[in-house]
Structure formats: C-alpha cells, structure tokens
Amino acid sequence: METKDMMMTSMSTMDKGENGGEKCKEREEVEGQEEEAQQENGRLVLADGLGDRGPKSLTSGSGPQVSNGYTTATPQSPREGSAPGTAAGAASGPTGGTGLTGPLGGLRTLVVQQTSLERPRETWSKKMDFLLSVIGYAVDLGNVWRFPYICYQNGGGAFLLPYLLMAVFGGVPLFYMELALGQFHRSGCISIWKHICPIFKGIGFAICIIALYIAFYYNTIMAWALYYLLSSFRPTLPWTTCTNSWNTANCNRYLSSDHNVSWSNSSTSPAEEFYTRHVLQVHLSPGLHQLGSISWQLALCLLFIFTIVYFSIWKGVKTSGKVVWVTATFPYLVLLVLLIRGATLPGAWRGVVFYLKPDWEKLLSTTVWIDAAAQIFFSLGPGFGVLLAFASYNPFHNNCYKDALVTSSVNCLTSFLSGFVIFTVLGYMAEMRKQNVDDVAKDAGPSLLFIIYAEAIANMPAATFFAIIFFLMIIMLGLDSTFAGLEGVITAMLDEFPHVLAKRREWFVLGLVCVCYLGALSTLTYGGAFVVKLFEEYATGPAVITVVLLEVIAVSWFYGTNRFCNDVQVMLGFYPGVFWRVCWVAICPCFLLFIIISFLAFPPEVKLFHYHYPSWTTVLGYCIGVSSFICVPAYMVFHLLNAKGPFKQRLLKSITPQPSNDNHRDLFVTNAI
C-alpha cells in the first residue's frame, strides 16, 4: 500500500520591520520545537503499547488526516477563513508563511492521524462471528465420518492417545501460528508473503489451487446429502425396501422386526443399493476410463448448494458471519439428539466398548501414528489459507492465542462426541446382523453416513424426522467448510489485486462459484464417486502437507522465530513460551515431514466399492497434486529472474521481508506550530 509522507512546518508571524537574520533565527527555533514535539509524540505512541514498531510509522503514512476524521491530501487553502488570529488567517498573513498561530501569536498544537487512502479493511461484526466461522470450518464432515472410521480401524480407544499427542505437538501450534500471522499482517495467503519471505509467495498460489480442487469434489458430497434430504419427505424412506426399480436379488430388508432373514457376506442392504445404484449409479460406469453421463438430479442439487454458497459469501464476512450462527450451531443440536437416541438402541454398548477399549498393541504399528497425524492435521485445517483470511479481519489486539486454544479444543471434542454418535449405531447394527463391530462397515468415508447411518435411521421411530435433521446437519457441516475455503481464495485474490477486484467482489465471487461448479461436473457423472475418491486421496492431501511444511520453514527459519514472537508480543502483549517456539522451529516440521515420508513410503491402496484403481490413475493423481505444488518452485525462479542486481543480491532481497504499512494501527502525530 503506497503511503505519502506528511510533515507540517510552520513559522511564527513576525513584524515587517525585522531584518533577515532575525527571521532565520526565529525559523530555526520553531523548527527545533517541531522536532521536539515529534519526538515527544513518538514516546507517547510507545507508551500506548505499540513497542518498537510505533515510531517507524511516523515517517510513512497514506496521507494526513486531522483529528476530526477528514482527510487532508493537500495543504489547506490560504483563502479558507481569513480572519486574523485564526489558523487560516495566520497562513495568509503578511509574511505569506504556512504556519499556524494562535490569537496571541503563540504556538498551537494540531493532532494529525496517519491513515490509508484506501478503504479500511472489513472486520467481523462480533467476536462470536469469527469464533463460529473458525469452528464451522474446522468441524466438518471429516469429524463425523473420518474420525470414527479411523478410530475403529486402528483399534478403538488406543487411537485416542496418538491423536491427542499429535494434536498438542503438531496441530494446535500450526493452528495458533496461522491465526497470529493472519491477524498481525492482515493479509490473505498470497500477499502476506512479501512481509514474511517474498520468495515463498508461490505458496499462496498453491493454496488457492488446492482450495479449488477441494471445491470441485467436496460440494458434491453435499449434493448427495441434499438428494437424501429431498427423498426423506415421505412416510416410508426409499432406502428401507427392496421393491424399488434399482434393487437387485441380493437385497435383504434386514430391519429389527425381520428375525427370519439371515445376513450373508453377499447380502446388500436397501440403504446400500439406494446409495450406489440410485443416487450415485456407479453400476453404470466401469471406472475412471468411462465415467458416463451426468446425473441431472445431482446437477440440480449441486446448483442449489452453490447458490446458497454464493449468497452467503458474496458480501464478505459481514454476511457469512451471520449465516454461521445457524450452520455452525445446528449440527451440535442434531448430534446431541442422535447421541441420546443412539444410546437407547439395543447393542449400543457394544459399539461404545469397542470405541473406548484400547488395544495397546496397535500403538506399535506405524499406521496408527500416521493416521493420527493426518487426521488432526486435516481436521484443524492449517495450510488452506482459511485461518489467515479469517484472522485478517480481526482487530489487531484480539487474543488469537485464546481463540486458537478454544476452537481447536472444540474441534477435538466434537470428533470425540461424533465417535459416540457413530459407534452406538455401529453397535446396534452389529447386534442386528449378529456380527462384530469391526465387520459392520465395509467402506470408509461417506459410505459410513449414507449407508450404515441411513439404515440405522430407518429402524428408528419417527424415521422421517431423524432422516431430515441428520442430512440437514450433513449439509450444514459442509457449507461451513465451503464458505471458509472459498473465502480464503477470495481474500487472497482481493488483497493481491485490490485495484482490480476490490470494487468488484460480487462479480469475482460469482465467477469463482461458476468455475467451481463447472469443475465439479465430472463428479456428477455415473462414475463421479470414483473422481471424488481420486481428488480426496491425491489432489489435496500430499500437496497441502508439503505446502504447510514450507510455510513453517519460511516463518520459523527465514522470517525467524524471534521476529515472529516479537510480532505476537506487540499484538497480544506477551511473548510466546518455550513450548510454542520449540514446536514451531523443530517439532512441527518433523511432524509434517513424518506424514509426507509415510505417504511416500506407504502409498494408499485406493479402492471404492468393488473398483480397484489401476496404476495409471495413481500417475494421474500425482500429476493433479503436483499441479498445485509446482507454483512454489515456479514462483521462486520467476522472482529471482525478475529481480535486479547480482545473484547474491537478488537472493538476499528475495528472503528479506518488506516492512508492513502498519495499516492496522492508528497513529496520532502531534505537531507544535
């Protein structure tokens, strides 16, 4: 942000009969008094708690503004009020000077505020708007399906220990760091890097591309939930019978009243066939090589989802901050209702015991620790640009340290609560089918919600009511994360190109939503579920973890932990403790490196239903992942080639942060005249 230096100079009015030497002497005295006044003002600014950063802004501003709030970009006209004894009259006095004198010819004081010529940055209407937005972003569909599945896959309660350790030493420090960075520099994920380490600016562009990939497939899951929601407005839920056109001979209507029906490994439930053969229609696609046509029903559902998204974020955090009061709180009400209902089901205790009983031998498996690290990372969500964007709209002295602890704790507790909600139902299903709990769920991910939980709901009294509130909860959990993900991109682009996009936010958001919808069309085909799985495994995971690793290295090693901690002290009034500094410098990079190496050493076996992904899809997945990460080295080369001077000078300049404009502070300059 360009600023203009402003310095007010003045001279006392003198008699016409004085000689030139006397004039020079008096002029020097007045200038000396002005300098003393400016120095005194610098000390006053420091006393207000701005630390060592206060005085440097006295020489850089964006244009003067007098204390009544009106901007004075040019000197005031001498003709404004020529009455003797007034400021304007003194300026138009016999000497033609520019100084201001009082009625008795003495010195007067004018308070001037350094402000930006650009519009002030938008802020949250209330503190709770910010907290609910962050909680809504962090608490998403992964808390409901990914955490319970990974938990029972890794031995139930034994998984909680590595999960908490990874949260304390990896997830929460990264969460805190991003909130502090965004709040201090008040910038999105692209423009913030000029204040940290300019050569790493490609990280911001990589984050935006990753966010687009997520929008391509994540909202499709909400479209599935919307289809379920619309199908729930009937007395008999369509996934409770085997007499529909999409059902096969293997369909078994296995409800609590059907004691004569035996369940075999080849049996399929009505809920499974409704999901796979009616909603997804994956039986019409042989695989990724032949996706088939687009399902017009899902296309309309996704269009409705994106329409809600657009009108929730098109005006900025002022509107999205109000929407999250519903979308972030309603899921907790539903989870509580489902927990109470699930606890009363027969066999629920089996699921709870499996959930809480630890299998300590599992802790010797590397897979458990890898899954714990990946789960807490993707649950809290650092590295997606969202926390930077949300925190940039906070007041400068907001206690983001407390916010980080509160929101991350709520996120982890929600995952723990969701485990009870899911496991009570898994125990119930195992009791019905006379199977073990770990044999109930055939597939992970969305299948846990759209098959297992949907079937359990069908067995409950008032099944229609529970189906409606459950799928409405799924939609709201997804909407919060979509709001946040797109807001991260919007904030980044508006901060990077303010002169082009600042006044065209609504049109830019419309274009962004349209791009996301068009990019999601491949996930609406008959083989769209295969595309969703491919994006989920390769397009986002490895790329975003690598990006966050570079982000931590850039902040801790290049920008410097001491400098970052000084920024936090200026902002919050206290210096981060040894634990946080050690985490940022050493533990967090090792935490992220551990996830990356484990992913490369043990690549996941991608499978969905009965379809095993061929080897060429692995190459395709890695290409999609690299397509976003390539922005980082590409920008480094671009930055070095466009810099001037010898290579050593270019390299030094590329890792030297540019001073902030300090547009988050209100500095008052008192000039004596």
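Computed from a predicted model, the values in this text were never measured in an experiment.

With respect to the helices, strands and loops of the structure, Pro657 is situated in the loop between α23 (647-654) and β5 (667-672). Sequence separation of Pro657 and Trp193 is 464 residues, and the distance between their C-alpha atoms is 7.8 Å. In this structure Pro657 touches Lys194, His195, Ile196, Pro198, Tyr559 and Arg563, once residues within four positions along its chain are discounted.

One turn of the α-helix equals 3.6 residues, which is why residues spaced by three or four share an orientation. With eight of its 10 residues buried, helix α7 (residues 270-279) lies for the most part within the structure. Looking at the buried side of α7, the elements it contacts are α6 (202-231), α8 (296-313) and α15 (446-458). With its phi angle positive at about 60 degrees, Gln281 sits one or two positions after the end of α7.

This paragraph deals with the packing of aromatic side chains. As enumerated under the stated definition, the model contains 54 aromatic pairs in all. Between Phe354 and Phe423, the aromatic rings sit 6.3 Å apart at their centres with planes inclined by 35 degrees, giving tilted as the arrangement. Here Phe354 is found in helix α11 (residues 348-356), whereas its partner Phe423 is found in helix α14 (residues 400-433), with 69 residues between them in sequence. Since its relative accessible area comes to 24%, Phe354 is described here as partly exposed. One aromatic cluster is present, built from ring pairs that chain together Trp224, Tyr228, Trp239, Trp246, Phe274, Tyr275, Phe450, Tyr453, Phe470, Phe471 and Phe609.

Turning our attention to the confidence of the model for the chain. On average, residues of the chain score 79 in pLDDT, and 78% of them are at 70 or above. The model gives residues 1-28 a pLDDT under 50, and that stretch makes 52 contacts with residues more than four places away or in other chains. This model gives residues 662-673 a pLDDT under 50, and the stretch forms 57 contacts once residues within four places in sequence are excluded.

One can find Leu477 in helix α16 (residues 463-496). Taking the relative accessible area as the measure of exposure, Leu477 reaches 3% and is therefore buried. For the pair formed by Leu477 and Val144, sequence separation is 333 residues and the distance between their alpha carbons is 9.2 Å. Among residues more than four places away in sequence, those in contact with Leu477 are Gly136, Val139, Asp140, Leu141, Val144, Tyr218 and Pro331.

The rules behind these values
Residues numbered from 1 in each chain as written. Predicted model: local features only at pLDDT ≥ 70, side-chain atom pairs only at ≥ 80, totals over all residues. Heavy atoms only, no water. Helix = DSSP H or I, 4+ residues; strand = E, 2+ residues; numbered from the N terminus. Contact = heavy atoms within 4.5 Å. Buried < 20%, exposed > 50% of the residue type's maximum accessible area, 1.4 Å probe, protein only. Phe/Tyr/Trp six-rings, centres within 6.5 Å; stacked < 30°, edge-to-face > 60°. pLDDT = per-residue confidence, 0-100.

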